[in-house]
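One letter stands for each residue in the lines below.
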Amino acid sequence: MSRIQDAFLKGKCLIPFITAGDPSLDKTVEYVLAMEEAGADIIEIGIPFSDPTAEGVVIQEASLRALQGGFTMEGLFDAVKKIREKSSIPLLFMTYINPVHHYGYDAFFAKCKELSVDGFLSPELPFEEKEEVAEVAKKYGVEVISMVSPTSEKRIERIAKEAEGFLYVVSSMGVTGVRTQFSSNLEETIKTIRSVSKVPCAIGFGISNPEQAAKMAGISDGAIVGSAIVRVIAQYGEQAKEPLKEFVASLKKAL
Amino acid sequence: MSKGRFGQFGGQYISETLMNELYRLEEAYEHYKNDAAFNEELNTLFREYANRPSLLYYAEKMTKDLGGAKIYLKREDLNHTGAHKINNVLGQALLAKKMGKTRLIAETGAGQHGVATATAAAFFGMECEVFMGRHDTERQALNVYRMELLGAKVHPVDTGTRTLKDAVNEAMREWSCRVDDTHYVLGSVMGPHPFPTIVRDFQAVISREAREQILEKEGKLPAAVVACVGGGSNAMGMFYNFIPDEGVRLIGCEAAGKGVDTPETAATIATGTLGIFHGMKSYFCQDEQGQIAPVYSISAGLDYPGIGPEHAYLHSTGRAQYVPVTDDEAVAAFEYLARTEGIICAIESAHALAHVIKTAGEYGKDESVIVCLSGRGDKDVAAIARYKGVDLHE
């Protein structure tokens, strides 16, 4: 069993997302450790991209700040190394595919293995394009996380059958970011997934407060919180550690 | 390997939320492309509404002046709305209508594709929203007003470089919010499958006509066909029916901006590398971290950091050649055509023309070269004036 799936055995999982390099990679190290301390079970580290087409404004702006701050892949790997000196929390890289393609799939996943990064997720690799990285990720023991969305319909079974780690269930239409309404077919989606696969499901996109996190984790195995976390960092910048801990603790408590 | 590949290029690198919609689009397209009634309806629109077939004009004065190949201009600038963009838009809008869609969204660079989409939406009685980089709304202000006149809502995009790629980003985001009633009319031979194929097929009317017309006028095929390339829709349309004709050179002219040795360029084949962006594997201008590079061209329509996957394939096999053309060369060609033939062409098309002006003398006098005059230049007059230092504002 993978370290990601182990995390789900302990109960409902809280999976916060953070944009690497916002406001700096040193702060990313500090904030990841702080979120673990506050109760995060798995942490999703976003690799910033110039053109994040699946993101709402909050993560778009965080990506821009990170890139303007001089983000590099080598810098990211150094930061993860520092995290790994103190923590063994399961980590995922969330990334647009071009920076990884450019770095070289083999070199990238070899780094993931070296740094014990457990999972990989890209919004640009649907089921049809999985094999872009599948073989090399497997070679280095990195689980490729698949996504299911409210429009997946008959695709759900096919995706779930081949899922690794956990399934990222997209809560609603559109891009990442705060919203008040979620798709009405979420419970049905989870039911379909469970009928074909034992893989845990976590819901993400638009979850911004403890109530929503509790509700979403209630019908699945966990909640992924991105824009709301990134917004705290946008607000407090270099001084986000305490407010971040407080927010993550409040989310965890609600699950 | 997924569907929609041209060699290793193409694919469907897009969010899960859009995948089923892409399947529905492909299914509808595969059905209607062979449907006699659909094709009859589209051909009638081309003929009665869009002014097709477009002329193949023999540019006699240019030919004499340049002293080489006979120069022919494929006059897509004479189409309704003033560019080749209408070919693809009428096709996609009709397809969207058949699919039961009531709303069209589009990205636009120079505004020509946005105007064409707004026109089709007005014609078919559909809602229309167009995404356009803020920077482009400023340099192509007249086209913004045109779209509004046609009943479309124009959203200026304030992210990134505020140009075409950012408009595509925003249109994709909008589409992923609302697919049930909305079709995204992608404007070039780019994006995830099936768009590169659909757009190519609707634009292929250009070379279907041109091939017949040149055979009628010259009794033989041209030595070369030349077109400008941003994403590459007019070039793909101009090349497509000549691809099997091995003796016909296919030449795409990329926007070099201030030069391919400067950072202010949009010449993807000359300066880009293999990557994955906007749903496709192709060549892209990118930095040493794999971030998409800001690109520059005087032409808002060629100001795009990528190139359609079928062009990448034609480049990789050597079937087509891609050459860079600078702002200065394009502006000189723009002025040259105006004075020599009395035709004011789009600054995009002037990139193709500039290459022909440079190379016409390399051909024999019994050979012909066809240039795709993809659009008319009214929209560019003020920008060219400013480029030349004339303080002219619309």
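Conventions we followed
- Residues numbered from 1 in each chain as written.
- Chains lettered and ligands numbered in written order.
- Predicted model: local features only at pLDDT ≥ 70, side-chain atom pairs only at ≥ 80, totals over all residues.
- Heavy atoms only, no water.
- Helix = DSSP H or I, 4+ residues; strand = E, 2+ residues; numbered from the N terminus.
- Rg over C-alpha atoms; globule rule 2.2 N^0.38 Å.
- Contact = heavy atoms within 4.5 Å.
- Buried < 20%, exposed > 50% of the residue type's maximum accessible area, 1.4 Å probe, protein only.
- Polar contact = N/O pair within 3.5 Å; in protein donor to acceptor, adjacent residues only side chain to side chain.
- Axes fitted to C-alpha atoms, helices over the stretch in contact; angles between N-to-C directions.
- Left-handed = near helix turned anticlockwise from the far one by under 90°.
- Nonpolar A, V, L, I, M, F, W, Y, C, P; charged D, E, K, R; others polar.
- Buried area = accessible area lost by both parts, 1.4 Å probe.
- Salt bridge = Lys/Arg side-chain N within 4 Å of Asp/Glu carboxyl O.
- Patch = residues over 30% accessible without salt bridge, like charges linked within 9 Å, V, L, I, M, F, W, Y side chains within 5 Å.
- Areas by Shrake-Rupley, 256 points an atom, 1.4 Å probe, with all protein chains shown as cover.
- Expected span 1.5 Å × (residues − 1).
- Phe/Tyr/Trp six-rings, centres within 6.5 Å; stacked < 30°, edge-to-face > 60°.
- Core = buried A, V, L, I, M, F, W, Y, C linked by side-chain atoms within 4.5 Å.
- Domains from an automatic or database assignment.
- Disulfide = S-S within 2.5 Å.

Caption draft 1: Just the overall build of chain B, in detail. Along chain B, the regular secondary structure elements total 16 helices and 14 strands. Taken over the C-alpha trace, chain B has a radius of gyration of 19 Å; the compact-globule value for 394 residues is 21 Å, and the two agree within 12%. In terms of overall dimensions, chain B has C-alpha extents of about 55 × 45 × 45 Å along its principal axes. Taking contacts inside chain B between residues at least 6 apart in sequence as the whole, the part at least 24 apart equals 74%.

Caption draft 2: Quick look at the side chain of Ser282 of chain B. All names here are of chain B. Residue placement: Ser282 occurs in strand S12 (residues 279-284). A relative accessible area of 0% places Ser282 in the buried class. Within the structure, Ser282 has its side chain in polar contact with the backbone oxygen of Ile307 (distance 2.7 Å).

Caption draft 3: Quick peek at the packing of helix H2 (residues 25-37) of chain A against helix H12 (residues 241-254) of chain A. Residues and elements named next belong to chain A. At their nearest, the axes of H2 and H12 sit 8 Å apart, and the two run at 35° to each other. Crossing of H2 against H12: the hand is right-handed. Contact with H2, carried on its side by Glu30, Tyr31, Ala34, Met35 and Glu37, involves Lys241, Leu244, Lys245 and Val248 of H12 and no other residues of that element. For the contact of H2 with H12, the per-class residue count stands at five nonpolar, no polar and four charged.

Caption draft 4: Looking closely at helix H11 (residues 227-236) of chain A. Residue and element names in this part refer to chain A. Residues of H11 that are buried: Ser227, Ala228, Ile229, Val230, Val232 and Ile233. Looking at the buried residues of H11, the elements they touch are strand S1 (13-19), H2, helix H3 (57-68), strand S9 (222-225) and H12. At the C-terminal side of H11, Gly237 shows a positive phi close to 55°.

Caption draft 5: How the structure looks around the interface of chain B and chain A. With 38 residues of chain B at the interface, the matching set in chain A holds 37 residues. When chain B packs against chain A, close to 3000 Å² is buried across both sides, 47% of that on carbon and sulfur atoms. Here chain B is connected to chain A by five salt bridges. Note that Glu153 of chain A is salt-bridged to Arg24 of chain B, the shortest N-O span being 3.8 Å.

Caption draft 6: Quick peek at a nonpolar patch on the surface. A cluster of nonpolar side chains, Ile344, Val381, Val390 and Leu392 of chain B, forms an exposed patch at the surface whose accessible area comes to about 300 Å². Summarising the element assignment, Val381 of chain B is placed in helix H16 (residues 381-387).

Caption draft 7: Geometry of unusual backbone geometry. Between Asp22 of chain A and the following residue, Pro23 of chain A, the backbone shows a cis peptide bond with an omega angle of 0°. Inspection of the secondary structure assignment puts Pro23 of chain A in the loop between S1 and H2. Note the cis peptide between His193 of chain B and Pro194 of chain B, where omega equals 10°. Note that Pro194 of chain B resides in the loop between strand S8 (182-184) and helix H9 (195-203). Despite not being glycine, Ser116 of chain A has its phi angle at roughly 55°, a positive value. Structurally, Ser116 of chain A is set in the loop between helix H6 (105-114) and strand S4 (119-121). Positive phi, close to 60°, is recorded for Arg162 of chain B, a residue that is not glycine.

Caption draft 8: Highlighting helix H1 (residues 16-32) of chain B. Residues and elements named next belong to chain B. With 17 residues, H1 extends 25 Å from end C-alpha to end C-alpha; this agrees with the ideal 24 Å at 1.5 Å per step. With respect to burial, H1 is a largely interior element, twelve of its 17 residues being buried. For H1, the set of buried residues is Glu16, Thr17, Leu18, Met19, Asn20, Glu21, Leu22, Leu25, Glu26, Ala28, Tyr29 and Tyr32.

Caption draft 9: Expanded view of the packing of aromatic side chains. Residue and element names in this part refer to chain A. Counted under the stated rule, the structure contains 22 aromatic pairs over all chains. For the ring pair Phe77 and Tyr103, a centre distance of 5.4 Å and an interplane angle of 65° mean the geometry is edge-to-face. A residue pair is termed long-range when its members are at least 10 positions apart, and Phe77 in helix H4 (residues 73-86) and Tyr103 in helix H5 (residues 97-103) qualify at 26 residues. Relative accessible area serves as the criterion here: at 2%, Phe77 is assigned to the buried category.

Caption draft 10: Structural context of the nonpolar core. Counting residues in hydrophobic clusters, the biggest one holds 110 residues, and the most contacted among them are Phe166 and Tyr168 of chain A together with Leu90, Met238, Phe239 and Ile370 of chain B. In terms of domain composition, this core takes at least three residues from each of domain 1 (12-46 + 85-199) and domain 2 (53-82 + 203-387) of chain B. Once residues lying within four places of it in the same chain are set aside, the contact partners of Leu90 of chain B are Leu42, Leu45, Phe46, Tyr49, Ala50, Ala120 and Phe124 of chain B. In terms of nonpolar packing, the next biggest core, distinct from the first, is built from 72 residues, Tyr105, Phe120, Ile159 and Leu244 of chain A among them.

Caption draft 11: Region of the structure containing the pattern of salt bridges. The tally for this structure, following the rule as stated, stands at 46 salt bridges over all chains. With a shortest N-O distance of 2.9 Å, Asp22 of chain A and Arg65 of chain A are connected by a salt bridge. With Asp22 of chain A in the loop between S1 and H2 and Arg65 of chain A in helix H3, the pair connects residues that are 43 residues apart, well separated along the chain. Assessed through its relative accessible area of 2%, Asp22 of chain A is described here as buried. Among the residues examined, Arg65 of chain A registers a relative accessible area of 31% and is labelled partly exposed. Through salt bridges with shared partners, a single network forms among Glu128, Arg155 and Arg158 of chain A together with Glu16 of chain B.

Caption draft 12: Spotlight on the state of the cysteines. Inspection of every chain in the model, using the stated rule, returns zero disulfides over all chains. Lacking any disulfide linkage, Cys13 of chain A is separated from the closest cysteine sulfur, that of Cys201 of chain A, by 12 Å. Overall, the relative accessible area of 0% leaves Cys13 of chain A in the buried class. Unpaired in this structure, Cys253 of chain B has its nearest cysteine sulfur neighbour in Cys228 of chain B, at a distance of 7.7 Å.

Caption draft 13: How the structure looks around the domain arrangement of chain B. Residues and elements named next belong to chain B. Assigned domains within chain B: domain 1 (12-46 + 85-199) and domain 2 (53-82 + 203-387). Each of domain 1 and domain 2 was reduced to a C-alpha centroid, and the two centroids are 22 Å apart. Taken residue by residue, the interface counts 33 residues in domain 1 and 35 residues in domain 2. Counting the surface domain 1 buries against domain 2, the share from its top three residues, Tyr13, Arg139 and Val189, is 23%. Our enumeration of links across domain 1 and domain 2 arrives at zero salt bridges. On inspection of domain 1 and its partner domain 2, the count reaches nine residue pairs in polar contact (both at pLDDT 80 or more). The set of elements that each furnish at least two residues to the side of domain 1 that touches domain 2 consists of strand S2 (9-13), helix H4 (85-98), helix H5 (112-124), helix H6 (134-139), helix H8 (164-177) and H9. Here the side of domain 1 that touches domain 2 takes five residues from H8, the largest share from any one element. Looking at the side of domain 1 that touches domain 2 residue by residue, the class counts come to 15 nonpolar, 14 polar and four charged.

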